[in-house]
Amino acid sequence: MSLSLPLILTTMTPATLIFLLSSHLALMWIALELNTLTILYMIANKSHPRAIEATIKYFLTQALASTLIILSGAINYETTGSWEITEMTNPTPLTMLTLALSIKLGLVPFHFWVPEVLQGMPTLPAIFLLTWQKVGPLIMFFLISPLVNHNLISTMAILSSTIAGWLALNQTQVRKLMAMSSIAQMAWMIVIIKYAPSLTVLSFYVYSMTVSAALLALNKLSVTTMKSLTTSFSKNPIATLLLMASILSLSGLPPLAGFTPKWLMINQLIAEKATWTALLMLASSLLTLFFYLRMWYYTISTMPPNTSNMSRPWRKSTPKSNLTANTLATAASTLLLCTTLMKAATK
């Protein structure tokens, strides 16, 4: 059974429009459920024990988050008489909604489901899970950010970035490394969402292109572990170079595109007198930088003609290029020629 892309798009597109056009919590909950059911269909479409396990884990965590969301809306309606998410002034339902959205985004301390689910998913559902599925919760987080204590948001962001980098230090599964990367990137997006939502949009745009290109390149190379990265260059040099451009862009190294959002976020946090938050986020990003560079080392610094400890599959024919992966990776690794324009657009 193959994935029906038109069915997926016709389900997730109306859900996204609901998030963009409505602030009614019940409608947003319905949109979240549409996204959840679509992702569940995409994961379970592959009849494999690991995919079924990922489906169950994803269903249980999302069911918990959905229950908290609708319960918070019901409590807020009983106390204020409104279902509007921007009028959630009661601290109890507001806290419940914040925790539910943290589960949806995979933030600490509700991050354990992300690597386990991503490990059992095919490539296309993984891209949807790490990009499009995050749109709704991020919009809801933006709507409640003026009401939530920013110290809580900053603490969750710092812990998410730090723990994601810490857990990835000795990780050998590439899919789980990408999941840790997603958790760290989400931390950067929510830490600035109250001060400059436009920077969250910019960061999400760059992150979506970059992680999509990285996952498509990994799928093209059939890479699952760090050890198999050592022979990826011999199988497909172009895809390997595009993968490395995407990985280094995710790390935030200049002059790649991933550097721009982080640079602007640090400037904004310092301007808002959140200097300690900026320093702690920078310190935690060193952990994530380490595992990005470790992937780069395994791929580039151990490529042929260096000796490899595992058998190397030889190329029997010239591999065909992947236009989608090439386009996304090129955009993700664009030099910072448009930094001034991007900075002006976020003011």
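Residues numbered from 1 in each chain as written. Predicted model: local features only at pLDDT ≥ 70, side-chain atom pairs only at ≥ 80, totals over all residues. Heavy atoms only, no water.

**Q** Would you take a moment to explain helix α3 (residues 49–80) for this structure?
**A** Residues spaced three or four apart along an α-helix face the same direction, because each turn holds 3.6 residues. Counted at 1.5 Å a residue, the expected span for α3 with its 32 residues is 46 Å, and the 46 Å between its end C-alpha atoms agrees. Among the residues making up α3, those that are buried are Ala51, Ala54, Thr55, Tyr58, Thr61, Gln62, Ala65, Ser66, Ile69, Ser72, Gly73 and Asn76. Those residues of α3 hidden inside the fold are in contact with α2 (25–44), α4 (91–105), α5 (113–119), α6 (123–130) and α7 (135–144). With its phi angle positive at about 75 degrees, Gly81 sits one or two positions after the end of α3. (Helix = DSSP H or I, 4+ residues; strand = E, 2+ residues; numbered from the N terminus. Expected span 1.5 Å × (residues − 1). Buried < 20%, exposed > 50% of the residue type's maximum accessible area, 1.4 Å probe, protein only. Contact = heavy atoms within 4.5 Å.)

**Q** Would you explain the pattern of salt bridges in this entry?
**A** Opposite charge on two side chains lets them pair, provided their charged atoms get close. As enumerated under the stated definition, the model contains 3 salt bridges in all. Ionic pairing is found between Lys57 and Glu53, a salt bridge with its closest N-O pair at 2.8 Å. In this pair, Lys57 and Glu53 both sit in helix α3, 4 residues apart, roughly one turn of the helix. On the basis of relative accessibility, which here comes to 42%, the residue Glu53 falls in the partly exposed class. Of the charged contacts in the structure, one is a salt bridge between Glu116 and Lys57, with a shortest N-O distance of 3.4 Å. Of the two residues, Glu116 is situated in helix α5 and Lys57 in helix α3; the sequence distance between them amounts to 59 residues. Under the relative-accessibility criterion, Glu116 is labelled partly exposed at 35%. Under the relative-accessibility criterion, Lys57 is labelled partly exposed at 27%. (Salt bridge = Lys/Arg side-chain N within 4 Å of Asp/Glu carboxyl O.)

**Q** Looking at this structure, I do not really get a nonpolar patch on the surface. What am I missing?
**A** Taken together, Ile52, Ile56, Phe59 and Leu60 make up a surface patch of nonpolar side chains, about 390 Å² in accessible area. Residue position: Phe59 is located in helix α3. Given the relative accessible area of 45%, Phe59 is considered partly exposed. (Patch = residues over 30% accessible without salt bridge, like charges linked within 9 Å, V, L, I, M, F, W, Y side chains within 5 Å. Areas by Shrake-Rupley, 256 points an atom, 1.4 Å probe, with all protein chains shown as cover.)

**Q** Could you clarify how one ought to interpret the UniProt feature "transmembrane region" (unreviewed entry) in the chain in this entry?
**A** Feature annotation in UniProt assigns "transmembrane region" (unreviewed entry) to the following positions: residues 25–44, 56–75, 95–114, 126–145, 151–170, 202–218, 238–256 and 276–293. What you have in residues 25–44 is 100% helix and 0% strand, and the ends, taken at the C-alpha atoms, are 28 Å apart. With 100% helix and 0% strand, residues 276–293 has end C-alpha atoms that lie 26 Å from one another. (UniProt positions renumbered as here; feature names shortened; annotations may be inferred.)

**Q** Explain the nonpolar core here, please?
**A** Soluble globular proteins: nonpolar side chains tend toward being buried together. Core analysis: the largest hydrophobic core is formed by 94 residues, its most contacted members being Leu97, Met140, Met178 and Leu243. For this core, the element with the highest residue contribution is helix α9 (residues 174–191), accounting for 13 residues. Both domain 1 (1–144) and domain 2 (149–306 + 321–346) contribute no fewer than three residues apiece to this core. (Core = buried A, V, L, I, M, F, W, Y, C linked by side-chain atoms within 4.5 Å. Domains from an automatic or database assignment.)

**Q** Sorry if this is basic, but what is going on with the packing of aromatic side chains here?
**A** For the structure shown, the criterion picks out 7 aromatic pairs. Relative to Trp132, the ring of Phe128 lies with its centre 5.7 Å away and its plane at 20 degrees, an arrangement referred to as stacked. Overall, Phe128 belongs to the buried group, its relative accessible area being 9%. Relative to Tyr298, the ring of Tyr297 has its centre 6.2 Å away and its plane inclined at 90 degrees; by these criteria the two rings are edge-to-face. The exposure class of Tyr297 is partly exposed, given its relative accessible area of 45%. Residue Tyr298 is classed as partly exposed on the basis of its relative accessible area of 28%. (Phe/Tyr/Trp six-rings, centres within 6.5 Å; stacked < 30°, edge-to-face > 60°.)

**Q** Just checking my understanding: could you explain the side chain of Asn236 for this structure?
**A** You can see Asn236 is positioned in the loop between α11 (232–235) and α12 (237–251). Its relative accessible area of 7% is what places Asn236 among the buried residues. At 3.1 Å, the side chain of Asn236 forms a polar contact with the backbone nitrogen of Ala239. (Polar contact = N/O pair within 3.5 Å; in protein donor to acceptor, adjacent residues only side chain to side chain.)

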